[in-house]
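Breakdown of the fold
Spelled out from the first residue to the last, the chains are:
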Amino acid sequence: MTDDQELEREAKLVRKFKKYFKRSQSDLCEVRGSIIHGRGVYATQDIAPEVEVIEYVGEPINKETSEDRAWDQYAKSEENGDAAVYIFTLDDKWDIDGNVPWNIARLINHSCDPNCEAWTIGQQIFIHSLRDIKEGEELTFDYGFDIECYEDHPCLCGSDHCIGYIVSQEQWPELRAKLAAKP
Ligand SMILES: C[S@@+](CC[C@H](N)C(=O)[O-])C[C@H]1O[C@@H](n2cnc3c(N)ncnc32)[C@H](O)[C@@H]1O
Ligand SMILES: [Zn+2]
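Below, the structure is looked at part by part. Since the structure is predicted, the reported quantities are computational estimates derived from the model, not experimental observations.

Time to look at the site of ligand 1. Lining the immediate surroundings of ligand 1 are 18 residues, of which His37, Arg39, Asn109, His110 and Leu156 lie closest. Contacts to ligand 1 include Arg39, whose backbone N or O atom sits 2.7 Å from a nitrogen atom. In this structure, a nitrogen atom belonging to ligand 1 sits 2.8 Å away from a main-chain N or O atom of Leu156. Relative to its unbound accessible area of 570 Å², ligand 1 is 87% covered by the protein chains. Counted by class, the shell around ligand 1 contains 12 nonpolar, 4 polar and 2 charged residues.

Here's what the structure looks like:
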């Protein structure tokens, strides 16, 4: 997709999904330059555990469209190293493509010691706090990336528990074994 086509797609989406804009705003966080990577999302006030921090909004897409877009993103990543993934699974028929400009939550970075997690509730995705978060702390969640191609996704989260790669915590035992077996 060219830059013009991309801009046109975004303009169309803004018109079509204006109603989602309001839902994507939150008083609890804002976008800032991140110490982990690029831009990130930071708490603007202390947040208690199990609070709905922000909704992850986007365009509902069926699985066929989702697959096409995933290939698009893959092609882009091959071209310019941009490996950003914005597609969230909703159910067996629908996904949400969060790659829309007003979706602040798309900028939340991954951490090996995350302070938030994504919850799917019906047809919506919410970012919830897992513990007390202090004002000024960066919000993070576990991207849940598969271990396949783990070397393509080095992790810079900086936490004491960082395993070195963006890989789902469920696959850490397998990842540890792979890392230990490396010459
Ligand atoms: C959805 S974007 C998150 C926002 C991103 N920081 C930005 O400015 O566009 C996801 C991308 O951010 C980067 N990223 C997120 N968490 C990271 C981490 N813990 N370590 C290294 N890069 C990370 C990776 O390039 C990943 O593909
Ligand atoms: Zn890490």
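Having seen it, we continue.
Think of it this way: four donors in a tetrahedron around the metal ideally sit 109.5 degrees apart, and six in an octahedron ideally sit 90 or 180 degrees apart. Around the zinc ion (ligand 2), the donor atoms from the protein are Cys112 (SG), Cys155 (SG), Cys157 (SG) and Cys162 (SG), and they sit 2.3 to 2.4 Å away. Classification of the site at the zinc ion (ligand 2) rests on its 4 donor atoms, whose angles at the metal span 103 to 114°, yielding the label tetrahedral. Sequence positions of the donors to the zinc ion (ligand 2) reduce to the motif C-x42-C-x1-C-x4-C. Residue classification places Cys155 among the buried residues on the basis of a relative accessible area of 9%. On the accessibility criterion, Cys157 (13% relative accessible area) is buried.

A word on the pairing of strand S8 (residues 116–121). As paired elements, S8 and strand S9 (residues 124–129) share 6 bridges and run antiparallel to each other. From the neighbouring strand, Thr120 faces S9, where its bridge partner is Ile125. Here S8 hands over to S9 after 2 residues, with Gly122 in that stretch at a positive phi of 60°.

About the criteria used
The residue count restarts for each chain, going from 1 along the sequence in the order it is written. Here the convention is simple: chains get letters from A, ligands get numbers from 1, in the order in which they are written. The predicted nature of this model means local features are confined to residues of pLDDT at least 70 and side-chain atom pairs, given and counted, to a pLDDT of 80 or more, with totals for whole chains, interfaces and linings taken over all residues. Neither water nor hydrogens contribute to the side-chain values; these are computed over all heavy atoms in the structure. We call a residue near a given molecule or strand whenever any one of its heavy atoms falls within 4 Å of it. Pairs of N or O atoms are called polar contacts if they sit within 3.5 Å, as long as, within protein, a hydrogen donor faces a hydrogen acceptor (for residues adjacent in sequence, only side-chain-to-side-chain pairs). Note on areas: Shrake-Rupley, 1.4 Å probe, and residue coverage restricted to the protein chains presented here. For this classification, the nonpolar set comprises Ala, Val, Leu, Ile, Met, Phe, Trp, Tyr, Cys and Pro, the charged set comprises Asp, Glu, Lys and Arg, and every other residue, Gly included, is treated as polar. In this analysis a donor is any N, O or S atom within 2.8 Å of a metal ion (3.2 Å for sodium, potassium and calcium), and since water is not included, sites may seem incomplete. Irregular is the label for any site that misses the other tests, which are tetrahedral for four donors with all angles between 85 and 135 degrees, and square planar for four donors or octahedral for six when opposite donors exceed 155 degrees and the remaining angles lie between 65 and 115. Each residue gets one of three labels from its accessible area relative to the maximum for its type: buried under 20%, exposed over 50%, partly exposed in between, using a 1.4 Å probe on protein chains only. Strand pairing follows a simple DSSP-based rule, namely that at least 2 bridges must link the two strands. Segments assigned H or I by DSSP are reported as helices when at least four residues long, segments assigned E as strands when at least two residues long, and all are numbered from the N terminus.

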